[in-house]
Amino acid sequence: MSDLRKSFLKSKLQHLPRSPPMPTTHPLSDLSAFDEEEEEGLELEYDEGTLPPPSPLLSDSSSASSASSTGTIKPLFSRPAQPRKKPTFEPIPWQAHFSLSLHLTPPDSPETSYHAYLTPPLPSGPLFVFHHGAGSSGLSSALLATSIRRLLPSAGILSPDCRGHGETHTPSDNDLSLPTLTSDLYSTIQLTATQQNWPTLPPLVLIGHSLGGAVVVSLAASRQLGDALLGYAVIDVVEGSAIDALTSMSTYLHSRPTSFSSLSHGIEWHTRSRTLRNPTSARISVPALLVPSPAPNPSSPTTPITTSYTWRTDLSSTQPFWQTWFTGLSSRFLTAPGGKLLLLAGTDRLDKELMIGQMQGKYQLLVLPEVGHFVHEDAPERVAAALVEFYKRNDRSVLVLPPKVGASGGGAGVGGAAGAGAGVQSPYLPAAGKHYTSI
């Protein structure tokens, strides 16, 4: 500060009235109005370039200066930060998504008990039959079932547990060959119809995920369901990529935890490892994958205690069947009767045979981005919308046939009938231009 400025300020201050002394307890009592040494020190530091340069908004524009200063103003009554809601990993019961839990025993095999979850269809509605993949259970389709019913209230959903999975028990639970699983699925459908007193099978749409896709295609190719079968949908399984992935399956199985301290811990692991990307679905489906591991109870030897949960299904023991599940899958998928729908998590999963079939319009392809292998659990609403639309396109009850030649009103004669026939798209074939869709 220059000597001229100092003398000017001192002359001005001498004529001002004296202010009362500041209390010693005041937080500013130790500060002076003009600390020349500190002020000169600040000027020196700035000159040496140790402080950041002035903002360009503070150059010559007063409006820019105002804009800069308003950016530092904090509201007096800002809303306090809300604490993040801690995720819950508590199991959700199956009753929230299915009406019935069935235990079906074939007359010729009293030791066998097929277990399935069922929501019966209305008299005019279809029945969606879902077969889960290896290591899963019928509850894998819980959210999908609710989403389908929301879009199509007349529909029913049947979701069985494969042998060796869930609550299904057979004398040979380790026999997971494709013909055996195909026979099990057919028996479950027929036993369900008998127990529910259905006079005939409702219109059927088969849905299979991973291993389940191979099973439903095998059942469709067997033609055992006759005219009741409208079509089948396969979720994220293709012969070529499935067989290629088998080489790394053992590594994946060994990387999984062997046990969990609780069901909630198992649900949390499936969610945090991104095995399942939908926490709600994990809370429904994961508990069925685990069984309590009893431990000795020192206080009561006859009453064991549960200290951990282990995997219900030993997938490593199914390795002898892995190759046979998927060999020939693409050919059967393209040649079996009924409408065909393939839902994938990425187009890179297509093999050569399916690429050719897709270009020929032999099936409908839907690709759902941003989902994992469990497509129906990660995005149940989108999968349900695709399945309901698939059913409507293959529903025979709304099929409109062209008039017969020579019938009343067929004045157009053969030309009219031919024209109608040429203009009507068969509901069993994909509509033109709709072979490939991304949703």
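Let's talk about the overall build of the protein
Here is step 1 of the chain: A tally of regular secondary structure across the protein gives 16 helices and twelve strands.
Here is step 2 of the chain: Taken over 439 residues, the protein has a buried fraction of 42%.
Here is step 3 of the chain: Looking at the protein alone, contacts between residues at least 24 apart form 68% of all its contacts between residues at least 6 apart.

Thoughts on the packing of aromatic side chains
Here is step 1 of the chain: For the coordinates displayed, the defined rule picks out nine aromatic pairs.
Here is step 2 of the chain: Summarising the aromatic geometry, the rings of Tyr232 and Phe333 are spaced 5.8 Å apart at their centres and angled 80 degrees between planes, so their arrangement reads as edge-to-face. You can see Tyr232 sitting in strand E6 (residues 229-235) and its partner Phe333 sitting in helix H12 (residues 329-335), a full 101 residues away along the chain. Each member of the pair, Tyr232 as well as Phe333, carries the same accessibility label: buried.
Here is step 3 of the chain: Taking the centre distance of 6.2 Å and the plane angle of 90 degrees together, the rings of Trp325 and Phe326 count as edge-to-face. We note that Trp325, like Phe326, is buried.
Here is step 4 of the chain: Following the ring pairs from residue to residue traces out a cluster consisting of Trp94, Phe98 and Tyr117.
Here is step 5 of the chain: The ring of Trp311 carries the charged tip of Arg256 above its face, separated from the ring centre by 3.8 Å.

Describing helix H13 (residues 352-359)
In an α-helix, one full turn covers 3.6 residues, which means residues spaced three or four apart are oriented alike.
Here is step 1 of the chain: Turning to H13, its buried residues are Leu354, Gly357 and Gln358. An end-on view of H13 places all buried positions within 100 degrees of arc, on one side of the element. Away from the buried face of H13 by more than 90 degrees, exposed residues Lys352 and Met359 are located.
Here is step 2 of the chain: After H13 finishes, the residue Gly361 shows a positive phi value of roughly 75 degrees.

Some thoughts on the environment of Asn174
Here is step 1 of the chain: By secondary structure assignment, the location of Asn174 is in the loop between strand E4 (156-160) and helix H5 (178-195).
Here is step 2 of the chain: The spacing of Asn174 and Thr313 is 139 residues in sequence and 9.7 Å in space, taken between C-alpha atoms.

Considering a nonpolar patch on the surface
Here is step 1 of the chain: A surface patch of nonpolar side chains, amounting to about 300 Å² of accessible area, comprises Met355, Ile356 and Met359.
Here is step 2 of the chain: Along the chain, Ile356 turns up in helix H13.

Quick word on the nonpolar core
Here is step 1 of the chain: One finds Ile189, Leu206, Trp325, Phe333 and Leu342 to be the most contacted residues of the largest nonpolar core, which totals 52 residues.
Here is step 2 of the chain: In terms of residue count, the dominant contributor to this core is helix H6 (residues 211-222) (seven residues).
Here is step 3 of the chain: Those residues within four positions of Leu206 in sequence are excluded, and the remaining contacts are Val129, Ile189, Val216, Leu219, Ala220, Leu225, Leu229, Gly231, Tyr232 and Ala233.

Quick word on the packing of H5 against H6
Here is step 1 of the chain: In the contact formed by H5 and H6, the axes pass within 9 Å of each other and the chain directions differ by 70 degrees. On the basis of their axis angle, the class for H5 and H6 is roughly perpendicular. Residues Leu178, Leu181, Thr182, Leu185, Tyr186 and Ile189 of H5 touch H6, and the partners they reach there are Leu211, Ala214, Val215, Val216, Ser218 and Leu219.

What to know about the pattern of salt bridges
Here is step 1 of the chain: Tallied over the full model, the rule gives two salt bridges.
Here is step 2 of the chain: Where Arg163 meets Asp184, a salt bridge forms, and the shortest distance between an N and an O atom there is 2.6 Å. Of the two residues, Arg163 is situated in the loop between E4 and H5 and Asp184 in helix H5; the sequence distance between them amounts to 21 residues.
Here is step 3 of the chain: Classification of Asp184 as buried rests on a relative accessible area of 8%.

Some words on the packing of helix H4 (residues 142-151) against helix H15 (residues 380-394)
Here is step 1 of the chain: At their nearest, the axes of H4 and H15 sit 8 Å apart, and the two run at 50 degrees to each other. Of the possible angle classes, the one that applies to H4 and H15 is oblique. Judged by the sense of rotation from one axis to the other, the crossing of H4 with H15 is right-handed. Contacts between H4 and H15 involve Leu143, Leu144, Ser147, Ile148 and Leu151 from the first element and Pro380, Glu381, Val383, Ala384, Ala385, Leu387 and Val388 from the second.
Here is step 2 of the chain: Split into classes, the residues belonging to the contact of H4 with H15 amount to ten nonpolar, one polar and one charged.

Some words on the confidence of the model for the protein
Here is step 1 of the chain: Of the residues in the protein, 72% reach a pLDDT of 70 or more, and the chain-wide mean stands at 81.
Here is step 2 of the chain: Contacts for the low-pLDDT stretch residues 27-70, under 50 throughout, to residues beyond four places or in other chains number 18 contacts.
Here is step 3 of the chain: Long-range and interchain partners of residues 407-439, a stretch whose pLDDT sits below 50, account for 47 contacts in this model, where long-range means more than four residues apart.

Points about the pairing of strand E11 (residues 364-367)
Side-chain direction in a regular strand flips from residue to residue, so the side chains alternate between the two faces of the sheet.
Here is step 1 of the chain: Of the two faces of E11, the one carrying Gln364 and Leu366 and the one carrying Leu365 and Val367 are both buried.
Here is step 2 of the chain: Two strands pair when backbone bridges link them, and strand E10 (residues 339-344) and E11 are joined in this way by four bridges, in the parallel orientation. Paired with Leu341 across the strands is Gln364, a residue of E11.

Side note on the environment of Ile267
Here is step 1 of the chain: Among the secondary structure elements, Ile267 is positioned in helix H9 (residues 263-272).
Here is step 2 of the chain: Residue Ile267 is classed as buried on the basis of its relative accessible area of 0%.
Here is step 3 of the chain: Put simply, Ile267 and Pro287 are 20 residues apart on the chain and 7.4 Å apart in space, counted from C-alpha to C-alpha.
Here is step 4 of the chain: Excluding anything up to four places from it in sequence, Ile267 contacts Phe89, Glu90, Pro91, Ala282, Arg283, Val286 and Pro287.

Some details on the side chain of Ser147
Here is step 1 of the chain: Summarising the element assignment, Ser147 is placed in helix H4.
Here is step 2 of the chain: Relative accessible area serves as the criterion here: at 5%, Ser147 is assigned to the buried category.
Here is step 3 of the chain: In this view, Ser147 contacts Pro380, Glu381 and Ala384; residues no more than four positions away in its chain are not counted.

Here is what the cut-offs are and how they apply
- Residues numbered from 1 in each chain as written.
- Predicted model: local features only at pLDDT ≥ 70, side-chain atom pairs only at ≥ 80, totals over all residues.
- Heavy atoms only, no water.
- Helix = DSSP H or I, 4+ residues; strand = E, 2+ residues; numbered from the N terminus.
- Buried < 20%, exposed > 50% of the residue type's maximum accessible area, 1.4 Å probe, protein only.
- Contact = heavy atoms within 4.5 Å.
- Phe/Tyr/Trp six-rings, centres within 6.5 Å; stacked < 30°, edge-to-face > 60°.
- Lys NZ or Arg CZ within 6 Å of the ring centre and 35° of its normal.
- Arc of directions from axis to C-beta.
- Patch = residues over 30% accessible without salt bridge, like charges linked within 9 Å, V, L, I, M, F, W, Y side chains within 5 Å.
- Areas by Shrake-Rupley, 256 points an atom, 1.4 Å probe, with all protein chains shown as cover.
- Salt bridge = Lys/Arg side-chain N within 4 Å of Asp/Glu carboxyl O.
- Core = buried A, V, L, I, M, F, W, Y, C linked by side-chain atoms within 4.5 Å.
- Axes fitted to C-alpha atoms, helices over the stretch in contact; angles between N-to-C directions.
- Parallel < 35°, antiparallel > 145°, perpendicular 65-115°, else oblique.
- Left-handed = near helix turned anticlockwise from the far one by under 90°.
- Nonpolar A, V, L, I, M, F, W, Y, C, P; charged D, E, K, R; others polar.
- pLDDT = per-residue confidence, 0-100.
- Pairing = 2+ DSSP bridges.

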